[in-house]
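Here is what each chain is made of, one letter per residue.
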Amino acid sequence: MLSRALIVGQCVAIVVAVGRNAEIDRAALLDFLVITLFAQLTAVGGALALRALGPFLERLGAWTRGAAALGVLALVTVAVAEVVLYALFELGATLEAWPEWHVSVLLRALIISAIVGALMWNYMLVYQQATTETKAQHDDRLQVLHSRIRPHFLFNSMNSVASLIRSNPELAEKALEDLADVYRVVLADARKMVPITAESQLARQYLDLEKMRLGDRLNVKWTLSNVPRSALMPSLTLQPLLENAVYHGIEPSFAGGTVTVQMWGDGEGLHIVISNPLPELSASASHRRGNQIAMANVRERLERHFGNRASLQNMEKLGNYYVKIKIPIVRGSGC
């Protein structure tokens, strides 16, 4: 806000100085310096005054708030004009502290500041409206991406429970209880980030459900190092990737395999690597497409939360499939 005010003030000073002086000489340069001093002091004073009165102005309606802001700017303009005129008198630039053209200068300064202030206020209203609309679209897109995961997650989890109902009713009952706990987290607001501990717990519960269905075919290895407990990340970041690892890496293999989750923090951010063995037989095209859809979903959500500060990479190496995530460390209060 202050930088914009300084830029606008300088632009006004240039326009006024050019309009007042037909030739560029010493007098014109001195006039430009005086006008610049006046414009910049008015811009800074107005910005600081509006900043200080911000909490009070926020309680007013849009039009009342605009009128109050213009009133504050007018008072700042008068105060700055008086100070500049008196400073010029003290420096010997004028013969009188309050010359005859004193009132005329004040009127012209008030008119210019009112016009510029009205234009700036209109710009701020349009900018705020555009920002609000952009944020609403951003939040809606996050909810859409989040909602695409929820039914898929519930469908696969219910299949896991259904497979246990006849063979092991008690285990199926426990699985349903775990699923209820997990789905309570899944239904959380997509716009909010969750502590890394909560996201890890959700991932572990999901893998426990899959372990009940796949038995010894699924092994899980967690490696954590220097992970800040207060770090935040978007919910449902790990689960879709782990689901891919189970669905594409463990299920197609008769012998199963191990899903490895590595997490560590450093000065640059939080790193997560999920790996699973590649199946003996190549996955079908539909399986590969499902893998890419989940990957694209997580990648877009990370981008919407962190911008280019986050990255998601995937690769095949030495018979294993790797997904690597890097996100900035964002700490939450009370987490």
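Refer to the structure above for everything that follows.
Structure report, in brief. (Residues numbered from 1 in each chain as written. Predicted model: local features only at pLDDT ≥ 70, side-chain atom pairs only at ≥ 80, totals over all residues. Heavy atoms only, no water.)

## Observations regarding the packing of aromatic side chains
Logical step 1: Tallying each qualifying case throughout the model produces zero aromatic pairs.
Logical step 2: Arg-204 extends its terminal NZ or CZ atom over the ring of Trp-222, reaching a point 4.1 Å from the ring centre. (Phe/Tyr/Trp six-rings, centres within 6.5 Å; stacked < 30°, edge-to-face > 60°. Lys NZ or Arg CZ within 6 Å of the ring centre and 35° of its normal.)

## Structural notes on the sheet that holds strand E4 (residues 257-265)
Logical step 1: Overall, mixed pairing links the five strands, which are arranged E2-E4-E5-E7-E6 in an open sheet. The sheet is open, and its two borders are formed by strand E2 (218-225) and strand E6 (311-317), each paired with just one other strand. Neighbouring strand axes in the sheet, compared pairwise and without regard to direction, differ in orientation by 15 degrees on average.
Logical step 2: Across six bridges, the pairing between E4 and strand E5 (residues 270-277) is antiparallel. From the neighbouring strand, Thr-260 faces E5, where its bridge partner is Ser-275.
Logical step 3: Strands in contact with helix H7 (residues 196-214) are E2, E4 and E5; relative to E2, the strand with the most contacts, it is inclined by about 165 degrees.
Logical step 4: Set on the sheet, helix H8 (residues 238-250) makes contact with E2, E4, E5, E6 and strand E7 (320-327); between it and E5 the angle comes to about 20 degrees. (Pairing = 2+ DSSP bridges. Helix = DSSP H or I, 4+ residues; strand = E, 2+ residues; numbered from the N terminus. Axes fitted to C-alpha atoms, helices over the stretch in contact; angles between N-to-C directions. Contact = heavy atoms within 4.5 Å.)

## Some remarks on the packing of H7 against H8
Logical step 1: The contact between H7 and H8 brings their axes to 9 Å, and the two run at 25 degrees. In this view, H7 runs roughly parallel relative to H8, as classed from their interaxial angle. Both H7 and H8 take part in a crossing whose hand is right-handed. Where H7 approaches H8, its residues Glu-199, Ser-200, Ala-203, Tyr-206, Leu-207, Glu-210, Arg-213 and Leu-214 are matched on the opposing element by Leu-238, Gln-239, Leu-242, Glu-243, Val-246 and Ile-250.
Logical step 2: Its residues placed into classes, the contact of H7 with H8 shows eight nonpolar, two polar and four charged. (Parallel < 35°, antiparallel > 145°, perpendicular 65-115°, else oblique. Left-handed = near helix turned anticlockwise from the far one by under 90°. Nonpolar A, V, L, I, M, F, W, Y, C, P; charged D, E, K, R; others polar.)

Any link to function would need more than the numbers given here.
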